[in-house]
Amino acid sequence: MPAHWEHFSHDADMGVRGSGDTLAQAFEQAALAMTAIIVDPAAVKPSERVPIRCECPDTELLLADWLNALVYEMACRNMLFSRFEVAIDNNRLTGAAWGERVDRGRHQPAVEVKGATYTALQVRQQPDGSWQAQCVVDV
Amino acid sequence: MTTHYPLKQQSEFSWRIEPFGKMRVPGIIYADEQLVRAMDDKVFEQLCNVATLPGIVEAAYAMPDAHWGYGFPIGGVAAFDADEGGVVSAGGVGFDISCGVRALRTGLTIDEVESRKTELANALFRHIPAGVGSTGRIHLNDRGMVAMLRGGARWAVEQGYGTTSDLERIEEQGCMRGAEPDEISARARKRQQDEMGTLGSGNHYLEVQRVADIYDAKIANTFGLKENDAVVFIHCGSRGLGHQIGTEFLKYMVLAASSHHIELPDRELACAPIQSELGQSYLGAMRAGINCALANRQIITHLTREVFADVLPRADLTLLFDVSHNTCKLETHTVQGRKRKLYVHRKGATRAFGPGHPDIPESLRAVGQPVLIGGSMGTESHILAGASSGEALSFSSACHGAGRAMSRRQATRQWKGRSLVDELAARGIVIRSPSMRGVAEEAPGAYKDVREVVDAAERAGLVHKVARVEPVVCIKG
């Protein structure tokens, strides 16, 4: 199954769901889904690389950590990201995000993500062996 | 929609879920039948989950605008007793700590604004940073950050943003006591250092409005409101700092729950005993977050005054009131005849002290605390006053807004930003926003009818209606 992402509905906010052959791919796709809440990912040039590391005893909380690390880097660097690379080893995530500084005219960012929540937070391996990673993000 | 929850109607405007399973107290919902029927079952599920938390007093409450939130429903109220193992919940306050609404009187009638409204909208949009990627003109170094976190709006006034007379019209007189900047991480500080005086995005906005209806002339007079007055509403919160505090403490509280012997029905309800080290750390950090929000709205008030001074020099912007609707505060409440100190969580709910409460500024005390309800873009907002009966009903709490009726996804499928802006312009409402998709997501039709919400809040006995206001200019984050 090719890696992909989608959104799901929440009353006030939005859910992000990433799917892929591996856990890492599902995390990467969930990150793309989060970017898509803010802006069309295709409009963001992956020109600058930002390294991300996080660690958490629980794989589901690690998803929230990963997304929250991205929220933090977006806010502090005033950037948007469109390419992600993740490696997960023993609940330790080493990854990177590629993107560029926000250009308000060109990107027209719709909304700022405040944080990834633990609502509808799920990281699961599907019966076909693929992975799905999802949660609601607060906007 | 039919619900799977055993809702029992107590009166025309209140509904009850008797404790079942691990619930320690009942769940109580204030709403009319139509609003209750329209509520997602998730609201009742979340309300019942809140009712299981240790040390909860009386009941878990949902306001008429309640909708599916995180852990707590948005529009949720719950009070906890520290001496009975009560908890403080980072999820129960939410990511946008002390998000709130501030109302300003302008000293102008709407006729004076009408002829200059496009110019006013353009100037407000230029002058007040709004939307993703906007930064303020203030850069806080470490010392400035600590002073801001301790001082709140008081700090902002000391820096030249506004006047000391503003402070008495802000909850906590503009400065939340017990703030502990040391409990705020370096990451949270960094995220905030360039965000002071910014509106944010999503449902945050600044509106210039016309007082369209007065419902209670006596209270309106005390609030200094007349029909056709021009007023300003500012809706925003604690920006990146609050979001980062929420994110970090949510995780700490989830990871520590088992060591505190707390069973969480939903991880988003993450909480810690008030009397634990973690509970105290969070309270210190959250109170500093409240100060950040109060300072932020104070700075935006100053920027708004600068714009009015330029475009409509006759204007004199004075503060009607400033309320916060995502907080946990230590308050004294009478429970079954006994005065108790309780930690009241209001998540998407507004404090609504009734007449005579000592925490209401003296000039307003006789009529009750102003309660400011932001409606959706382009519809209407409401100014209410806390009612005495609210004390026994909901620890003096009321609704906070219209509440979404539809997700952002559905909204963008149904509306396009540009045509919404044109449509509203044809009705005399000038919208300015950095993002047309953001406008579509906030389409008026994506929200519940705010009038139905405030009517239910009034008829349930939580508040008195005072005035209805309609937008003329809306700056959307």
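Residues numbered from 1 in each chain as written. Chains lettered and ligands numbered in written order. Predicted model: local features only at pLDDT ≥ 70, side-chain atom pairs only at ≥ 80, totals over all residues. Heavy atoms only, no water.

1. A look at the overall build of chain A
Applicable threshold: Starting at the N terminus, helices and strands are each numbered in turn, a helix being any DSSP run of H or I of at least four residues and a strand any DSSP run of E of at least two. Two residues qualify as a contact provided that any one of their heavy atoms is within 4.5 Å of a heavy atom in the partner residue.
A count of helices and strands for chain A gives 3 helices and 8 strands. Reading chain A from its N terminus to its C terminus gives the helix and strand order β-β-α-β-α-β-β-α-β-β-β. Here the C-alpha coordinates of chain A stretch approximately 45 × 35 × 25 Å along the principal axes. Looking at chain A alone, contacts between residues at least 24 apart form 62% of all its contacts between residues at least 6 apart.

2. Comments concerning the environment of Ser11(B)
Position of Ser11(B) among the secondary structure elements: in strand 1 (residues 7–11). It is 8.6 Å that separates the C-alpha atoms of Ser11(B) and Ala460(B), two residues lying 449 residues apart in sequence.

3. Digging into the pattern of salt bridges
What counts here: Take a side-chain nitrogen of Lys or Arg and a carboxyl oxygen of Asp or Glu: if they are within 4 Å of each other, that pair is a salt bridge. Here the term buried applies to any residue with accessible area under 20% of the maximum for its type, exposed to any over 50%, and partly exposed to those in between, with areas from a 1.4 Å probe on protein chains only.
Following the criterion strictly, the structure yields 43 salt bridges over all chains and no others. The closest approach of N and O atoms between Glu85(A) and Arg83(A), which form a salt bridge, is 3.4 Å. Residue class for Glu85(A) comes out partly exposed when judged on its relative accessible area of 43%. One salt-bridge network, in which partners are shared between bridges, spans Arg210(B), Asp213(B), Glu380(B), Arg451(B), Arg468(B) and Glu470(B).

4. Some points on the environment of Gly15(A)
Residues and elements named next belong to chain A. Relative to the helices and strands, Gly15 is located in strand 2 (residues 14–20). On the basis of relative accessibility, which here comes to 0%, the residue Gly15 falls in the buried class. Measuring from C-alpha to C-alpha, the distance between Gly15 and Met34 comes to 8.4 Å, with 19 residues separating the pair along the chain. Setting aside its immediate chain neighbours within four residues, Gly15 contacts Glu6, His7, Phe8, Cys135 and Val136.

5. Here's the deal with the interface of chain A and chain B
Convention followed: Side-chain atoms alone can form a polar contact between residues adjacent in sequence; in general such a contact is a pair of N or O atoms within 3.5 Å, and within protein one must be able to donate a hydrogen while the other accepts it. Residues were grouped as follows: Ala, Val, Leu, Ile, Met, Phe, Trp, Tyr, Cys and Pro as nonpolar; Asp, Glu, Lys and Arg as charged; and all remaining residues, including Gly, as polar.
The interface is formed by 45 residues belonging to chain A together with 44 residues belonging to chain B. Inspection of the chain A/chain B interface yields 4 salt bridges. Salt-bridge contacts for Arg267(B) lead to Glu60(A); the nearest nitrogen and oxygen are separated by 2.8 Å. Our count for the contact surface shared by chain A and chain B stands at 18 residue pairs in polar contact (both at pLDDT 80 or more). Within the residue set of the side of chain A that touches chain B, elements represented by two or more residues are strand 1 (4–9), helix 1 (23–38), helix 2 (59–77), strand 6 (115–116) and strand 8 (131–138) of chain A. The element best represented in the side of chain A that touches chain B is helix 2 of chain A, accounting for 9 residues. Counted by class, the side of chain A that touches chain B contains 26 nonpolar, 9 polar and 10 charged residues.

6. Remarks on the sheet that holds strand 4 (residues 79–89) of chain A
Residues and elements named next belong to chain A. Counted only if it meets this: Here, strands pair whenever DSSP counts at least two bridges between them. Helix axes are fitted to C-alpha atoms over the stretch in contact, other axes to C-alpha atoms as well, and angles between N-to-C directions run from 0 to 180 degrees.
Spatially, 3-5-4 is the arrangement adopted by the 3 strands of the open sheet, whose pairing is antiparallel. For this open sheet the edge positions go to strand 3 (48–55) and strand 4, each flanked by a neighbour on one side alone. The mean angle between the axes of side-by-side strands here comes to 20°, regardless of whether they run parallel or antiparallel. Strand direction decides the pairing type here: strand 3 and strand 5 (residues 92–101), joined by 8 bridges, are antiparallel. Among the inter-strand pairings, Glu48 is bridged to a residue of strand 5, identified as Gly99. Sitting on the sheet, helix 1 touches strand 4 and strand 5, and the angle it makes with strand 4 is about 165°.

7. A few points about the packing of aromatic side chains
The geometry of an aromatic ring pair is captured by the separation of the ring centres together with the interplanar angle, meaning the angle of the planes. Residues and elements named next belong to chain A. Formally: A pair of Phe, Tyr and Trp rings is counted when the ring centres sit within 6.5 Å of each other, with Trp represented by its six-membered ring. The angle between the planes then sorts it: under 30 degrees is stacked, over 60 is edge-to-face, the rest tilted.
What the rule picks out here adds up to 9 aromatic pairs over all chains. Ring geometry for Trp66 versus Phe84: centroids 6.0 Å apart, planes at 85°, classification edge-to-face. Of this pair, Trp66 sits in helix 2 while Phe84 sits in strand 4, and the two are 18 residues apart along the sequence. Grouping residues by exposure puts Trp66 and Phe84 together as buried.

8. With respect to the packing of helix 11 (residues 239–256) of chain B against helix 12 (residues 277–311) of chain B
Residue and element names in this part refer to chain B. What counts, and what does not: Throughout this description, any angle smaller than 35 degrees is read as roughly parallel, any larger than 145 degrees as roughly antiparallel, any in the 65 to 115 degree range as roughly perpendicular, and the remainder as oblique. Take the far helix as the reference: if the near one is turned anticlockwise from it by less than a right angle, the crossing is left-handed, and if turned clockwise, right-handed.
Contact geometry for helix 11 and helix 12: axes closest at 9 Å, N-to-C directions at 165°. Accordingly, the angle class assigned to the pair helix 11 and helix 12 is roughly antiparallel. The handedness of the crossing between helix 11 and helix 12 is left-handed. Seen from helix 11, the contacting residues are Arg239, Leu241, Ile245, Phe249, Tyr252, Met253 and Ala256; seen from helix 12, they are Leu278, Ser281, Tyr282, Ala285, Ala288, Gly289, Cys292 and Asn296. Looking at the contact of helix 11 with helix 12 residue by residue, the class counts come to 11 nonpolar, 3 polar and 1 charged.

9. A closer look at the side chain of Gln29(A)
Residue and element names in this part refer to chain A. Summarising the element assignment, Gln29 is placed in helix 1. Gln29 sits in the buried class, given a relative accessible area of 12%. Once you skip the residues sitting within four places of it in the chain, Gln29 turns out to touch Ala3, His4, Trp5, Gly18 and Ser19.

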